[in-house]
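# Survey of secondary and tertiary structure
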Amino acid sequence: MHKFLIRSFVSSLVLLFTLTVAAIAKDVKAAFVYIGPTGDHGWTYQHDVGRKAVEAAGFKTTYVEGVPESADAERVLRQLANSGHDIIFTTSFGYMNPTNKVAKEFPNVKFEHATGYKREHPNVSTYAARFYEGRTILGTIAGTMTKSNVIGYVASFPIPEVIRGINSFTLAAQKVNPNIKTKIVWAFTWYDPGKEAEAAKALIDQGADVIAQHTDSTAIVQMAEKAGVYAFGQASDMDKFAPKAVLTSVENNWGPYYVDRVKAVANGTWNQKDTWHGIGDGMVVISGLDSQMPSDLQAKVKKLQADLASGKVHSFTGPIYDQKGNLMVAEGKTADDGMLAGMMTYVKGVEGDIPK
Amino acid sequence: MIIDINFIGLIIASIMASAVPLILASCGELITERSGVLNLGVEGMMIIGAISGFALMTVTGSLIIAVFGAMLAGVLISSIFAFLTQTLITNHVATGLALTIFGIGISAMIGKNFVGIPGKEFPVLFEGLKDTIPLLGPILFGHSIVFYFAFALPFITSYFLKKTKIGLIVRAVGDSPESASNQGINVKLVRYACILYGGAMSGLAGAYLSMIYTPQWIENMTGGRGWIALALVVFSTWNPIKILIGAMIFGGLTIIQFHMQAIGVRIPVQFLTALPYIVTIIVLVVISRDSRKIRLSTPSSLGKSFHKDN
């Protein structure tokens, strides 16, 4: 009798425990910290599209938008970790130190930091996308489609991510058209439609007939549409904003990664990782190609896309020289991730200096 | 690089287009300030105008409804400011700042459903005449009606303040509300009207951004232009013609520095980016350095609350 009581007591405890664990596992809560407003239709907007994919997969999510990259970030992170979130995605480079600091205080909460490189604690992972692969495709298109041989490029801030994009774009454009010039204008903003439009207008007035951008708003493609030149969408498919101007867009697709990682927490299989995914893994997506592009170019782009995805082609394949003519990558070699991550010099063919 | 006469015309036309929102908002705020009210909510009223214009355009499909709706939205939000500062006698500075924060917040909330929708094309006038005259063609022709209105506004404002009875009443209220009140002028009524007018112009400036200049809605799309408009009013020493000059210099340097970058001028980009702010202030300070004139044109009761019984 006594034994039976104990046994049933223990088994019910076990049952209760399993039930609770199951309940917890089902109720994984994910939080997202955004640098901008979800209404920017750019960087933050695309992260939020990813968050919605996590919701659609049956998990609860919360987000905090417009969090400055300062001590404020720490406060927000601590609050999210305290309020029962199991995994927290911090989606801007400047959250790197706050993320690691708060991760130390909450070893049971998983942290995922976008575009950073510090993983100081076992519960911190980092992830980023190889957007430069997309820019290799844009460069190929731009070099082929330009008639004036002047390509305009509206840049945001002189950081490796942006420099890498300019280089990858220019290398690809030079490959198909050695006569092109890439003119770069720094807007010193990620996000100011008026300024971005003015920068694009200046480039167009100076003869650029294809405009690339590394800022977030749709103002540039609209300006290109008005002026009758070509452009490329940034972060999301911008075709509907400028149907004639936009040849294709490079889309940021975070959804699959987010769903994957949240599921991993639910299954208990989450582990520390450093992810840098490109076209091959679907984190960088090339939108539909515009019909104004000649069919042989479309075929070429499709093949390039497949080769970048399979790894047969690398955006930075030697020989690559810097502006002064020094060899950066030797013939037959490709730039390693370390070099890409810290890239702060222009390749040969880019005009002007990097602002210091 | 191509320097021909039409290229210069194109640059001047883009400079003028970028000055439009500043001129509209500044001239509106100038009237408000001339009546003695300091409304720091320009940025908030502008962004409300931007989302209202864009939303109405998307929902109703009518550009006319959208433009007037944006002005009406500016009037409505500035009426909150008017009620607080004039009827409840709150502090102008604090209320104006609150209005900006409120405007940015509420525009983001309304705007949630309008992100990622392309705007409509806004009709331009005299497009066909653009190529008829070298240099002047692109400057004079092929712009929206709001553009022409903005460039007429400083002259209308100047005439209104100097030559019309109502203009003189506005200035009297701003200079000495007590005397104006003793003359039988309803100070509160005048100030209410001036605040609402300022709201309408800020709303129009916002609508210009979201409907004509960069036809789209994204959060915070005014990008601080409301604050620049406010600064222009002060640095122009409450003179509408100098507002026009200041707005052109500011817009001009923003655009010219992009051209200098594209040409490859070896000047640090950060310096070029700061240039519009620095030069606009210097020029306006220099052209307005006559202290007697400043004293004459500064509304002496600016920012001070007025109670009828004191």
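These numbers come from a predicted model, not from an experiment. (Residues numbered from 1 in each chain as written. Chains lettered and ligands numbered in written order. Predicted model: local features only at pLDDT ≥ 70, side-chain atom pairs only at ≥ 80, totals over all residues.)

It is worth spelling out the overall build of chain B at this point. Within chain B, the secondary structure is distributed over 13 helices and zero strands. The helix and strand sequence of chain B, counted from the amino end, reads α-α-α-α-α-α-α-α-α-α-α-α-α. Expressed as lengths along the three principal axes of its C-alpha atoms, the size of chain B is roughly 65 × 50 × 40 Å. Counting every position in chain B, which comprises 310 residues, the buried fraction comes to 52%. (Helix = DSSP H or I, 4+ residues; strand = E, 2+ residues; numbered from the N terminus. Buried ≥ 20, exposed ≤ 12 C-beta atoms within 10 Å, placed from the backbone.)

The number of helices and strands found in chain A is eleven helices and 14 strands. Taken over 356 residues, chain A has a buried fraction of 50%.

On to the interface of chain B and chain A, then. Every contact between the two is made by 34 residues of chain B and, on the other side, 31 residues of chain A. Among the elements of the structure, α1 (5-34), α4 (92-111), α9 (187-213), α11 (240-263) and α12 (269-287) of chain B are those that each provide at least two residues to the side of chain B that touches chain A. No other element matches α11 of chain B, which puts six residues into the side of chain B that touches chain A. By residue class, the composition of the side of chain B that touches chain A is 18 nonpolar, 14 polar and two charged. (Contact = placed C-beta atoms within 7 Å. Nonpolar A, V, L, I, M, F, W, Y, C, P; charged D, E, K, R; others polar.)

Below, the discussion takes up the pairing of strand β8 (residues 210-213) of chain A. Residues and elements named next belong to chain A. Burial along β8 is two-sided: Val210 and Ala212 facing one way and Ile211 and Gln213 facing the other are all buried. Relative to β8, strand β6 (residues 150-155) runs parallel, the two sharing four bridges. The residue of β8 that forms the bridge with isoleucine 151 is valine 210. Of the strand pairs in this sheet, β8 and strand β9 (residues 230-235) are connected by two bridges, and their pairing is parallel. When the bridges of β9 are listed, valine 210 appears paired with tyrosine 230. Read from β8 through helix α8 (residues 219-227) to β9, the crossover connection turns out right-handed. (Pairing = 2+ DSSP bridges. Right-handed = clockwise from strand over helix to strand, strands pointing away.)

Residues and elements named next belong to chain A. Spatially, six strands are ordered β2-β1-β3-β4-β5-β11 in an open sheet, and the strand pairing comes out parallel. The open sheet has two edge strands with one neighbour each: β2 (60-64) and β11 (274-277). Each adjacent strand pair in this sheet contributes to an overall mean axis angle of 20 degrees, direction not counted. Pairing of strand β1 (residues 29-33) with β2 involves five bridges; the strand directions are parallel. Across the sheet, the residue bridging to valine 33 is valine 64, located in β2. Sheet contacts for helix α4 (residues 96-105): β3 (87-90), β4 (110-114) and β5 (124-129); angle to β4, the most-contacted strand, approximately 170 degrees. Running at roughly 155 degrees to β3, helix α9 (residues 255-267) makes contact with β1, β3, β4, β5 and β11 of the sheet. (Axes fitted to C-alpha atoms, helices over the stretch in contact; angles between N-to-C directions.)

Reports often express the size of an interface as the amount of accessible area lost when the parts come together. Residues and elements named next belong to chain A. Entries for chain A in the domain assignment read domain 1 (17-129 + 254-277) and domain 2 (131-251 + 316-341). Using C-alpha coordinates to define each centre, domain 1 is positioned 30 Å away from domain 2. Contact with domain 1, which involves ten residues of that partner, is made by eleven residues of domain 2. When its residues are assigned to classes, the side of domain 1 that touches domain 2 shows five nonpolar, four polar and one charged. (Domains from an automatic or database assignment.)

With that out of the way, let us pick up helix α2 (residues 42-60) of chain B. One turn of an α-helix holds 3.6 residues; hence residues three or four places apart share an orientation. Residues and elements named next belong to chain B. With 19 residues, α2 should reach 27 Å at 1.5 Å per residue; the first-to-last C-alpha distance of 26 Å fits that figure. With 16 of 19 residues buried, α2 is to be regarded as a mostly interior element. Remark: glycine 61 follows α2 within two positions and exhibits a positive phi of approximately 75 degrees. (Expected span 1.5 Å × (residues − 1).)

With that settled, consider the sheet that holds strand β12 (residues 284-286) of chain A. All names here are of chain A. Here six strands make up an open sheet; going across it, the order is β7-β6-β8-β9-β10-β12 and the pairing mixed. The sheet terminates laterally at β7 (181-186) and β12, the two strands that pair on one side only. The average angle at which neighbouring strand axes cross in this sheet is 20 degrees, direction not considered. Sheet strands touched by helix α6 (residues 160-176): β6, β7 and β8. Its angle to β6, the strand with the most contacts, is close to 165 degrees.

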